[in-house]
Amino acid sequence: MSNTLALARETLLSPAGITDHHLQQVMDKLISSQVDAADLYFQYSRLESWVLDDGIIKEGNFNLEQGAGLRAISGEKTGFAYTEELNLENLLEAADSARAISRAGQSGSIAIAGCNDLQTLYPARNPLESLPDARKIELMKQLDAEARAADPRVKQVTISLVAAHDTILVMDNEGNLAADVRPLVRCGVNVIVEQNGRREQANAGGGSRTDLHYFVEEQRGLGYAREAVRQALVNLEAVDTPAGAMTVVLGPGWPGILLHEAVGHGLEGDFNRKGLSAFSNRIGEQVASPLCTIVDDGTLPERRGSLTVDDEGTPGRNTVLIEGGILKGYMQDKFNARLMGMQTTGNGRRESYAHLPLPRMTNTYMLPGEQDPGEILGSVKNGLYAVNFAGGQVDITSGKFVFSLSEAYLIEDGKITAPVKGATLIGNGPEALTRVSMVGNDLQLDPGVGTCGKDGQSVPVGVGQPTLKVDEITVGGTAL
Amino acid sequence: MSPSIEQLEQMVADLLAEARKLGASAADAAVSSSAGLSLTVRMGETETIEHTRDQGLGITVFFGQRKGAASTTDLSPAAIREAVGKACTIAKNTSEDDCAGLADATLMAKDYPDLGLHHPWPISPDEAMQTALQAEQAARDLDPRISNSEGATLSTQSGSFIYGNSHGFVGGYPSSHHTLSCVVLSEDGDGMQRDYWYDTRRDWRKLATPESIGRQAAQRALAKLHGRQLGTRQAPVIFRADIAPGLLRGLTGAIRGHAQYRQASFLLDSLGEQIFPDWVEIREDPLIPQGLSSAPFDNEGVVTRPKSLVENGRLETYILDSYSARKLNMQTTGNAGGVRNLSINNGSMGLDEMLQEMGSGLLVTELMGQGLNPVTGDYSRGAAGFWVENGKIQYPVEEITIASNMKEMFRQLLAVGNDNDIPGSIRTGSWWIENMTIAGS
């Protein structure tokens, strides 16, 4: 961590000539007798993305983002300002704007404190430079060739390869400094297949907080290409999805998006402090079947949603949200935790220096149960086996949530039969998990492609679950 | 201090010169800068005051038929040099692409009109707070069942944008954008509901009053109380005007050149085909004064013009930038960067009359999830709204889905209402679709 901090200072502060004394000056300006909390957040991001389409390397893009966000909190009020040009003058001006929520008045000077050593969850090296450009291109061409060779019905292949390197430094009003260097890579494959005039598409991909070697190792990239083709070919055979309430078996891994939408958002601290969530004031109540234990775990090494420290400098944590079906706790940032008299849980996250931190999920998953997945499928007379999803959404107040099937099959007499077309599933958060009647022993985490949006801010997240049987959920098909 | 138009123009000129120096045969660049205020009040108190200051620069370079791009929010000379350098390095690694390049020089906008997009709002944080408070208070005062609030937000932005390319084209203009929104919760012992309303304008003087926005948010939240599920069935569906723009976006997504040449569209090769009933006319007008999506030239400097997308129900044009146009052996339609200000013609019926005509069916007022497969047109989304019988709203419904195929939905469009007074850049009334599958309990 101290190493990370040195790296962050060197990346963020030194080039702009910002010294510890300057940081103190800015913080002194930001805080006044009426300010309860304040922080300075510095960020330096580099992102590179490549697109292969139509068999050629069509696009390459480099994005540079840098700036500082300044926040002052007084009671339930927050003042916020940011600047892209890092120099003392701009920082002081931003501090002036941000503290306008309270009346001026100095409250003495703060001293910069040291910080604790923390085990980092991911390597600090720059993933943009982890492979030479020629090797990135070659990798994408290999994936393209793999997908096209997999089946003559493949008509179009698009490969995307993204590497990001994010360095942050945050200082709070007690002078505590924290820093993090976060790598993030992602690779996606989209294919379009055609058979007798019918066209279908599918996506596959993965990612992690490591570097681009991740896609070379264990042939992961090639695996995404094969997986996208497999799914697209399945879709060519898909029949109309039945409409109505039915038993649904959710496969392991990415279908954990159910947890993210059905309960995750509803357990974020801000919504609960304000009484906006269908889960507000329900700690200690049964909100899921006793088979369900759900955690939000930011401490998994190299996972897409993991954080060595969050964007307020709090170390990432493993927080139990639901244990044996009982609601145990919320996910908190410092602001909401303070107002609710709770502890922050390391869930204070922001898209960038130009956004305010909010309580957000990291990696949200359900712990495994006892059942063999085969037994779970075998127990269903008529239902749906949902293996893959495209995304979801929730209204945290009414609790209604949706998530969209991208690969699913009918279950008839305990056997998987015909594939069905994509459709939306809809349920009610506080009810859906009470209908979980079987939990598999096959916990899987998603492949590392999730992005969550809230209040216009996007952050990378992870989900996971074992195979689950939900006794009744509404399936939005067309077939009656 | 925000940079002036002249400074932005100079930055674009410098960028293009730097790209040329590094060996680029052609290049274009865009620079923008804006500043503003976003203030939220909740339960009668200020909650957040955000002073926003956004700037950014993007450059695309061509080395013959190879392309590279970069962007930065840091406009310091060092960051700009890094970005241009990276774009050039990338261009050396991308493939030769016959269709890559700037739009033709002859298509560049020349004497383009001033569309009146810039109306900065000289409002102090205190005044902004008062305005937002009025909206929230109006919502909370409407009914005791308005039990809680997510707040009211006033946001105002104003800035400038310059685009230039190595044809010698340089153009730009200042613009502003103001939004007032309110989100409240209703509750009466049987669960909570939330809903919102808003208005958004180029000219702050044209914004709906805070009171009307607050009241509408409250009315919408109250109307949702006691929602029930419907039984699974097929029925006619009316998409209320405020969610109908999503259907037009489904159309424009499918007729974009990119979707056509990749054969990733449910309206593949439909130029000249009947895709709607013959009374349907859909137009794009990028030149509407003060229009939210108005622009005198597109993201490649190409002059923009009003045009028909659909006439007599037939598809008249794809939506093309120069790249997709070359791919399809066509001419760009000046749509680099998207579609600007869409509208659909409407009949004489208001929403009440449409409900009357429909007799029984579903009025959808809210949609959830993505639910459109762009390749097949298969459509399935979470929905909420009202069940209608005998031409009258009977009760609110929730936790249902509606499904069909978008091609089918377009063909089954029975009427568009004249209730087209909705905020945003898309002008449409409510859409009445003959039949969809509703899944519920």
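Described in the following lines is the structure provided in the data block. All figures in this text were calculated on a predicted structure; none of them were measured in a lab.

## Some words on the packing of helix H3 (residues 125-142) of chain B against helix H4 (residues 210-223) of chain B
All names here are of chain B. Packing of H3 against H4 leaves a shortest axis separation of 7 Å and a crossing angle of 35°. For the element pair H3 and H4, the recorded crossing hand is right-handed. Between H3 and H4, the contacting residues are Thr 131, Gln 134, Ala 135, Ala 138, Ala 139 and Leu 142 on the first element and Pro 210, Glu 211, Gly 214, Arg 215, Ala 218, Gln 219 and Leu 222 on the second. When the residues that make up the contact of H3 with H4 are grouped by side-chain class, the tally is seven nonpolar, four polar and two charged.

## Considerations on the pairing of strand S9 (residues 307-311) of chain B
Residue and element names in this part refer to chain B. Extensive coverage of S9 is indicated by the burial of four of its five residues. Both strand S8 (residues 282-284) and S9 contribute to a ladder of three bridges, which runs antiparallel. Residue Glu 284 lies in a different strand from S9, and its bridge partner there is Lys 307. When S9 meets strand S10 (residues 314-315), the two strands line up antiparallel, connected through two bridges. Residue pairing in the sheet places Glu 311 in a bridge with Arg 314 of S10. Once S9 ends, the chain turns through two residues before running back antiparallel as S10, passing Asn 312 with a positive phi of about 50°.

## Some remarks on the sheet that holds strand S9 (residues 318-323) of chain A
All names here are of chain A. If you trace the six strands from one edge of the open sheet to the other, you get S10-S9-S8-S13-S22-S19, paired in mixed fashion. Edge positions in the sheet fall to strand S10 (326-327) and strand S19 (444-445), since each has one partner strand and no second. With two bridges connecting them, S9 and S10 associate as antiparallel partners. What sits directly across from Ile 322, in S10, is Leu 327. Here helix H7 (residues 257-264) sits on the sheet in contact with strand S8 (294-297), S9, strand S13 (363-366) and strand S22 (462-465), set at roughly 105° to S22.

## Focus on the packing of helix H4 (residues 133-150) of chain A against helix H6 (residues 220-236) of chain A
Each pair of packed helices can be described by the angle between their axes along with the distance between the axes. Residue and element names in this part refer to chain A. Between H4 and H6, whose axes approach to 9 Å, the crossing angle comes to 35°. When you trace H4 past H6, the crossing you get is right-handed. Taken together, the residues of H6 that come into contact with H4 (itself represented by Gln 142, Leu 143, Glu 146, Ala 147 and Ala 150) are Gly 221, Leu 222, Ala 225, Arg 226 and Val 229. A breakdown of the residues in the contact of H4 with H6 according to their chemical character gives six nonpolar, two polar and two charged.

## Observations concerning the pairing of strand S3 (residues 77-83) of chain A
Burial within S3 of chain A is extensive, with six of its seven residues counted as buried. Sheet analysis places strand S2 (residues 56-74) of chain A next to S3 of chain A, joined by seven bridges and oriented antiparallel. In the sheet register, Ser 74 of chain A faces S3 of chain A, and the bridge partner there is Lys 77 of chain A. The loop that links S2 of chain A with its antiparallel partner S3 of chain A comprises two residues; one of these, Gly 75 of chain A, has a positive phi angle of about 60°. Inspection of the sheet shows S3 of chain A paired to strand S2 (residues 45-63) of chain B by four bridges, in the parallel sense.

## Remarks on the interface of chain B and chain A
Residue-level contacts link 76 residues of chain B with 70 residues of chain A. The junction of chain B with chain A conceals about 5900 Å² of combined surface from both sides, 49% of it contributed by carbon and sulfur atoms. Looking at the side of chain B facing chain A, the largest losses of area belong to Arg 262, Met 368 and Glu 399 of chain B, adding up to 12% of the total buried there. In this structure, the connection of chain B to chain A is made through nine salt bridges. For the salt bridge of Lys 274 of chain A with Glu 47 of chain B, the shortest nitrogen-to-oxygen distance reads 3.4 Å. Summed over the shared surface of chain B and chain A, the number is 39 residue pairs in polar contact (both at pLDDT 80 or more).

What counts and what doesn't
Residues numbered from 1 in each chain as written. Chains lettered and ligands numbered in written order. Predicted model: local features only at pLDDT ≥ 70, side-chain atom pairs only at ≥ 80, totals over all residues. Heavy atoms only, no water. Axes fitted to C-alpha atoms, helices over the stretch in contact; angles between N-to-C directions. Helix = DSSP H or I, 4+ residues; strand = E, 2+ residues; numbered from the N terminus. Left-handed = near helix turned anticlockwise from the far one by under 90°. Contact = heavy atoms within 4.5 Å. Nonpolar A, V, L, I, M, F, W, Y, C, P; charged D, E, K, R; others polar. Buried < 20%, exposed > 50% of the residue type's maximum accessible area, 1.4 Å probe, protein only. Pairing = 2+ DSSP bridges. Buried area = accessible area lost by both parts, 1.4 Å probe. Salt bridge = Lys/Arg side-chain N within 4 Å of Asp/Glu carboxyl O. Polar contact = N/O pair within 3.5 Å; in protein donor to acceptor, adjacent residues only side chain to side chain.

Just distances and angles here, no functional claims.
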